[in-house]
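Topology and contacts: notes
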Amino acid sequence: MKLVYLHTNPVTSNQANITQVLYMCNALAELGLVIDLYVPQGPRKLSVKELDDLVKRKISKPRNFNISQFRTIKLFSRFKVISNYFGLRNAIMKRDGDIYFTRTPVILPAIRRVGKKAIFESHSPHLQNSIGLIDRLYKCLLEVQIKKNKKLIMITISDALKKYWLEKGFSESKIYSLHDGFDDSIDKGDETKLDIRNRLKIEDKQIMITYIGSLYKDRGIDRILELAKIFEDCNFYVAGGPDNQKEYFQKQSSLRNINNIFFLGWIDRLVVNDYLLSSDILLMLWSRQVPTIDYCSPMKVFEYMSSGNLIVGDGYPTIREVLTDGKNALLSNPDSFDDLVLKL
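Figured I'd write up the structure that's included with this text. As the structure is a computational prediction, the values presented were derived from the model and not from experiment. Residue indices begin from 1 for each chain and proceed along its sequence in written order. Given that this is a predicted model, residues contribute local features only at a pLDDT of at least 70 and side-chain atom pairs are listed and counted only at 80 or more, while totals for whole chains, interfaces and linings are drawn from all residues. Calculated side-chain values reflect all of the structure's heavy atoms, with hydrogen atoms and water omitted.

This next bit is on the sheet that holds strand S1 (residues 2-6). For two strands to be treated as a pair, DSSP must find at least two bridges joining them. Numbering goes from the N terminus for both helices and strands, where a helix is a DSSP run of H or I of at least four residues and a strand is a run of E of at least two. Pairing is parallel across the open sheet formed by seven strands, whose spatial order is S3-S2-S1-S4-S5-S6-S7. Both outer strands of the open sheet, strand S3 (66-70) and strand S7 (175-177), are each paired with one neighbouring strand and no more. Averaged over all neighbouring strand pairs, the angle between strand axes comes to 20 degrees, with direction disregarded. Where strand S6 (residues 152-156) and S7 come together, three bridges link them in parallel fashion. Across the sheet, Met 154 pairs through a bridge with Ile 175, a residue of S7. Helix-sheet contacts for helix H5 (residues 132-148) involve strand S5 (117-122) and S6, and the interaxial angle to S6 is about 125 degrees. Fitted lines through C-alpha atoms serve as axes, helices being fitted only where they are in contact, and the angles separating the N-to-C directions of these axes extend from 0 to 180 degrees. The criterion used for residue contact is that any of the two residues' heavy atoms lie within 4.5 Å.

Pasting the structure below:
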């Protein structure tokens with residue numbers, strides 16, 4: 001059986017969604033499906049070797065699925081959905097897939113016309129983040145397609161998000177809540193934490209606390225600086241970008257004379273695994289400013305779980321759908337910095 005995965009970000013993107021897509025394609029291929037991932041080609045078309053190397057860097061596993069790159073229309077480069085639409089539509093019109101999987105509602109009518117099974121994956125109540133009118137149009141389009149296309153179902157990444165769509169009038173028989181997951185084959189090898197730290201040239205005498213993820217302003221990264229000031233006997237490692245935010249927080253830590261925090265920037269998946277496995281504590285932080293915080297199922301949660309190390313962080317409702325305070329994590333009141341300090 002062949003599944004065609006239709007996505008709107010190039011594999012060169014540093015956004016978390018393309019990493020999640022690559023993990024999905026790998027896992028589905030391991031289940032025996034033939035996977036063809038269609039993505040825009042980015043600045044240029046990558047060679048087979050470049051694709052192999054990039055996938056290995058992003059998910060630390062060899063590529064076991066096909067990646068088809070299509071050119072976008074430069075005229076619509078500022079409107080990603082429009083510039084990607086024709087490439088995705090061409091993929092659909094080949095009619096060579098048994099199942100079509102996408103997060104993009106605008107291509108659902110084309111999938112319906114070819115009469116194939118389809119899965120729409122919802123990661124947010126917002127189908128378009130910046131323009132309210134377009135978001136409402138997309139929701140109307142999705143509702144029509146869900147009702148008319150008997151071969152189309154929806155997957156939501158949290159129970160809260162499923163509840164949102166049910167309250168919008170969507171049929172419960174067409175919606176399935178399926179959280180993200182983690183790859184339990186993460187290679188721990190024969191190395192101990194000390195072995196990995198020595199290889200990374202990390203001081204072993206200090207407690208090692210690590211944050212992996214984006215450094216955008218809505219992630220509450222400034223709280224890590226405050227934690228580092230309080231817990232002077234611990235070393236904090238922060239991996240992620242973008243680079244301008246990394247530089248900003250490096251400057252802030254220097255201005256505040258915080259010497260026990262280290263900003264690593266973007267690092268390859270294999271190195272991420274090393275930091276996950278060698279840490280004492282893995283830190284999860286967000287803020288109320290994250291637009292999807294009441295509905296999301298962050299990949300970070302599952303990546304952290306894969307390491308088997310202690311997780312400490314914000315206990316938002318959808319996080320508590322997966323983790324239980326005192327059982328497999330220490331979850332703080334997300335609106336209380338004092339509670340976060342107490343948990344840490």
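This next bit is on the sheet that holds strand S13 (residues 330-332). Strand order in the open sheet formed by six strands is S10-S9-S8-S11-S12-S13, with parallel pairing between adjacent strands. If you trace the sheet from one side to the other, it starts and ends with strand S10 (261-265) and S13, each paired once. Shown here is a sheet whose adjacent strand axes are inclined to one another by a mean of 20 degrees, direction ignored. By the bridge criterion, two bridges tie strand S8 (residues 207-212) to strand S11 (residues 281-284) in an arrangement that is parallel. For Thr 210, the partnering residue across the bridge sits in S11 and is Leu 282.

Here we take up the packing of aromatic side chains. Any pair of Phe, Tyr and Trp rings, taking the six-membered ring for Trp, is counted once the centres come within 6.5 Å. Such a pair is stacked with planes under 30 degrees apart, edge-to-face with planes over 60 apart, and tilted for the rest. Per the stated rule, a full pass over the model turns up nine aromatic pairs. Their ring planes at 70 degrees and their centres at 5.6 Å tell us that Tyr 164 and Tyr 295 sit as a pair that is edge-to-face. Highlighted residues: Tyr 164 in helix H6 (residues 159-167) and Tyr 295 in the loop between S11 and helix H11 (299-307), separated in sequence by 131 residues. Taken together, Tyr 164, Trp 165, Phe 170 and Tyr 295 form an aromatic cluster joined through their ring pairs.

Buried together is how nonpolar side chains tend to be arranged in soluble globular proteins. The term nonpolar core refers to a set of buried residues drawn from Ala, Val, Leu, Ile, Met, Phe, Trp, Tyr and Cys, joined through side-chain atoms within 4.5 Å. Three labels apply to residues, based on accessible area from a 1.4 Å probe with only protein chains included: buried if under 20% of the type maximum, exposed if over 50%, partly exposed otherwise in between. If you look at the biggest cluster of nonpolar residues, it comprises 41 residues, and the most contacted ones within it are Tyr 211, Ile 224, Phe 236, Ile 261 and Met 284. Of all the elements in the fold, those that place two or more residues in this core are S8, helix H8 (222-230), strand S9 (234-239), S10, helix H10 (269-278), S11, H11 and strand S12 (310-314). Aside from chain neighbours lying at most four places away, what touches Ile 224 is Tyr 211, Phe 236, Val 238, Ile 261, Leu 283 and Leu 285. Within the second largest apolar cluster, 27 residues are counted, among which are Val 4, Ile 92, Tyr 100 and Ile 175.

Honestly, it's all geometry; don't read function into it.
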